[in-house]
Amino acid sequence: MTISSRFAVAIHILSLLEINKDGRTTSDFIAGSVNTNPVVIRRIMGMLNRAGLVITNPGVAGASLARDKERITLLEVYRAVQSDQQEELFAIHEQPNPECHVGRNIQGALETTFHRAQQAMEQELDKVTLAQIIDQMTE
């Protein structure tokens, strides 16, 4: 997976839920801030809910963080919004020409490097909390 805007939108949603926790933070309100359709927000909220990062109640407008902002890492958010847990930062094309020397060997040559890059990114995201992001916005 190349990183989609879904990750940034998820962080945006969580930040709004924390900053506006005393108000009714509906998908329409969030969509206005993100400048997207409320359906997109509800889809991402569903992913965050399934990951245990937000609490929503069917039929009730609004949501809240499931735990303190200091205990939510960007890695958790990243993993929550991946559409497939097998997705990775870099994709290798699946059907290179096996008759070509490069086509036959490119996947094996790239796998280790791509895997290490994915691990490095995830280690970095695991060091950053939602609280740190919110603090940067409110300084």
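Note that the coordinates shown come from a computational prediction; the quantities given were computed from them, not determined experimentally.

(A) Expanded view of the pattern of salt bridges. What the rule picks out here adds up to 5 salt bridges. Among the salt bridges present, the one from Arg-79 reaches Glu-122, with a minimum N-O distance of 3.0 Å. You can see Arg-79 sitting in helix H4 (residues 74-81) and its partner Glu-122 sitting in helix H5 (residues 101-126), a full 43 residues away along the chain. You can call Arg-79 partly exposed: its relative accessible area is 39%.

(B) Structural detail: the side chain of Thr-129. With respect to the helices, strands and loops of the structure, Thr-129 is situated in the loop between H5 and helix H6 (130-138). In this structure Thr-129 comes out as buried when scored by relative accessible area, which is 15%. Contacts of Thr-129, omitting those with residues within four sequence positions, involve Lys-69, Glu-70, Ile-72 and Thr-73.

(C) Structural view of the packing of helix H3 (residues 38-50) against H4. With their axes 8 Å apart at the nearest point, H3 and H4 run at an angle of 120° to one another. Read as a crossing pair, H3 and H4 show a hand that is right-handed. Across the interface between the two elements, Ile-44, Met-47 and Leu-48 of H3 pack against Val-77, Ala-80 and Val-81 of H4. Within the contact of H3 with H4, the residues separate by chemical class into 6 nonpolar, no polar and no charged.

(D) Region of the structure containing the packing of aromatic side chains. The final tally for this structure, using the stated rule, is 1 aromatic pair. Ring plane angle 80° and centroid distance 5.5 Å describe the contact between Phe-7 and Tyr-78, whose orientation is recorded as edge-to-face. Of this pair, Phe-7 sits in helix H1 (residues 5-19) while Tyr-78 is found in helix H4, placing the two residues 71 residues apart along the sequence. Judged by its relative accessible area of 11%, Phe-7 falls in the buried class.

(E) Representation of a negative patch on the surface within the structure. Taken together, the side chains of Asp-68, Glu-70, Asp-135 and Glu-139 make up a negatively charged region of the molecular surface. The topology assignment puts Asp-68 in the loop between strand E2 (60-65) and H4.

(F) Structural detail: the pairing of strand E1 (residues 54-57). Across 4 bridges, E1 lies against E2 in antiparallel orientation. Bridged to Val-54 within E2 is Leu-65. Hairpin connection, E1 to E2: the antiparallel pair is bridged by 2 residues, and Gly-59 has positive phi, about 80°.

How each quantity is defined
Residues numbered from 1 in each chain as written. Predicted model: local features only at pLDDT ≥ 70, side-chain atom pairs only at ≥ 80, totals over all residues. Heavy atoms only, no water. Salt bridge = Lys/Arg side-chain N within 4 Å of Asp/Glu carboxyl O. Helix = DSSP H or I, 4+ residues; strand = E, 2+ residues; numbered from the N terminus. Buried < 20%, exposed > 50% of the residue type's maximum accessible area, 1.4 Å probe, protein only. Contact = heavy atoms within 4.5 Å. Axes fitted to C-alpha atoms, helices over the stretch in contact; angles between N-to-C directions. Left-handed = near helix turned anticlockwise from the far one by under 90°. Nonpolar A, V, L, I, M, F, W, Y, C, P; charged D, E, K, R; others polar. Phe/Tyr/Trp six-rings, centres within 6.5 Å; stacked < 30°, edge-to-face > 60°. Patch = residues over 30% accessible without salt bridge, like charges linked within 9 Å, V, L, I, M, F, W, Y side chains within 5 Å. Areas by Shrake-Rupley, 256 points an atom, 1.4 Å probe, with all protein chains shown as cover. Lys, Arg positive; Asp, Glu negative; His and termini not counted. Charge placed at Lys NZ, Arg CZ, Asp CG, Glu CD. Pairing = 2+ DSSP bridges.

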